[in-house]
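# Geometric and topological summary
Okay, here's what each chain looks like letter by letter:
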Amino acid sequence: MMNLDRFARFGMGCGLFMAASACLLVSCGESKSGKDGKKPVSPTASKEVPAAPKDAVQAAVPKAAERAASQVFTERSVFELADLLRPYTQTPEIHESVRFLNEISENYLDALKAKKNPTEEEVVLICRVGNKVGDLQSALQAIEKADATYRDVLERSAALPQEKLEVIRLRSGAMRGLGVLQFAKDDAKASLENFRACVEADKKALDLLKPAEGEPQSPDYHAVAKDLMDSYKNVADMLVNAEELEDARDMYQKAVDFALSLKNLSPQDEAALRIKLMHTISALGDLEDKCDQLEKAKNYWLEAATQCQTVYQMTTRPDLKTYVSQAFDKLKARILEAEKQLKGDKPEGEGGKSSDDMKVNDAPASAA
C-alpha cells in the first residue's frame, strides 16, 4: 500500500495537495481558507451530480465539469493554498471533494481526447488538463492511473514545439508528478532523473521570461521561479535520501540563493516564496544535524523560524497565520532541544540566551 506521507516530502508546484485546494474552491464553492471562511459543503452534495458517463465519445461534457475546468485548469492561483490544506487532507470531506472533482475531471479529459485530429491548441489543453488529473489521481493514491496520465502528457507534448514556454512548463509538471510517484514506488534513481530534468526545464522557461535590463520581473517569471525552487529542493531531498550530502547541501543553497535574487514580488507571491524558503532552510538545518553539526543546524532552524515570523507579520489571512504558527512551533521545539544539547557541551555560564520565549508573532530579528 502506498503511503501518501511520502508525497508530502516534495514541493510539486501544482502538485498533489493542490488538488485538495482546487476541490474546495471549485466543487465546494469556497475553500476552507477562502475569504468568507465558510466550510466546504457536505460530501452529500456531490452525490446529487450525475456520475461521469462511461462513453466519453458520445456524451457531452457536463456543465459542472466545464465550470471546474475553467477554474482548475486555467487559474494557477487556485493551487497556491496547497500547503495550508496538508493538515486536513485525511478528513472525509476533503477526500470526498477530491474524489468528486477527479470524477468530473477524468470525464472532461476523456471528452477532450475523443476528438479526432486535435489542433495544437487542443493538444496543449489535453496536456494541461492531464497534469491536473494526474495530481488528483495521485492525491487519491491511484498510483498506476496517475503514472499513466503523466506519461500520456509527456507523449502528447513530445509532438509539440519544444521551445514554447507552455510546452516546457507542461512537460516539467508531468516529470515532477512522475518523480513523486517513482519515489513512492521506491524507484529513487528514476525519481532523481525526473527531478533533475525539471530543474533544467524550469531554468529554460525562466530564460524565456527573463526581463530586459531595467525591466521588473513579471508575475509569470515569479510563477516559474517558485517551480524552480521546488525542483531544486526535490533534487536536494533525493540526494539526502541517497546519502550524497555535499551535493544536497549545494542544491539547497542554490534554492536559497535563487529565492533571495527575486524582486518585485506581489504580497501573495512573497508569502508563498518565504514559505518555500522556510522549508528549504529548515532542510539545510536537518542536513547539518545529520552531519553532527548541531550549532549550524540550530542557526538554520532559527532563520527558518524568522521566515515564519515574517510571513505571520505580513499576512492578514488567518489560515496562513495558522500554518506558519504550526511550522514555527515545530522549529522552536527543535531549536530548544538543540540548545539543551549544546549547553551540555559548554562550561557553566556559557550556555547563551535561550530561545524559550520566542513567539511567532514577534517581529523578526532579521529577514532574508
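Here the structure is shown first, and the text comes after it.
Not measured: the values here are computed from a predicted model.

### Observations regarding the packing of aromatic side chains
Under the definition given, this model contains one aromatic pair. Relative to Phe258, the ring of Tyr232 lies with its centre 6.5 Å away and its plane at 70 degrees, an arrangement referred to as edge-to-face. Remark: Phe258 occurs in helix α9 (residues 245-260) and Tyr232 occurs in helix α8 (residues 219-241); sequence separation between them is 26 residues. For Tyr232, a relative accessible area of 10% translates into the label buried. Look at Phe258 and you get buried, because its relative accessible area is 13%. The ring centre of Tyr312 lies 4.0 Å from the NZ or CZ of Lys321, which sits over that ring.

### Side note on the packing of helix α4 (residues 120-139) against helix α5 (residues 143-157)
One way to put it is that α4 packs onto α5 with a least axis distance of 8 Å and a crossing angle of 160 degrees. In terms of orientation, α4 and α5 fall into the roughly antiparallel class. Between α4 and α5 lies a crossing whose hand is left-handed. Touching Val123, Ile126, Cys127, Gly130, Asn131, Val133, Gly134, Asp135, Gln137 and Ser138 of α4 are Lys145, Ala146, Thr149, Tyr150, Val153, Arg156 and Ser157, all from α5. Residue composition of the contact of α4 with α5, grouped by class: seven nonpolar, seven polar and three charged.

Cut-offs applied
- Residues numbered from 1 in each chain as written.
- Predicted model: local features only at pLDDT ≥ 70, side-chain atom pairs only at ≥ 80, totals over all residues.
- Heavy atoms only, no water.
- Phe/Tyr/Trp six-rings, centres within 6.5 Å; stacked < 30°, edge-to-face > 60°.
- Helix = DSSP H or I, 4+ residues; strand = E, 2+ residues; numbered from the N terminus.
- Buried < 20%, exposed > 50% of the residue type's maximum accessible area, 1.4 Å probe, protein only.
- Lys NZ or Arg CZ within 6 Å of the ring centre and 35° of its normal.
- Axes fitted to C-alpha atoms, helices over the stretch in contact; angles between N-to-C directions.
- Parallel < 35°, antiparallel > 145°, perpendicular 65-115°, else oblique.
- Left-handed = near helix turned anticlockwise from the far one by under 90°.
- Contact = heavy atoms within 4.5 Å.
- Nonpolar A, V, L, I, M, F, W, Y, C, P; charged D, E, K, R; others polar.

Note that all results are geometric; they support no functional claim without further evidence.
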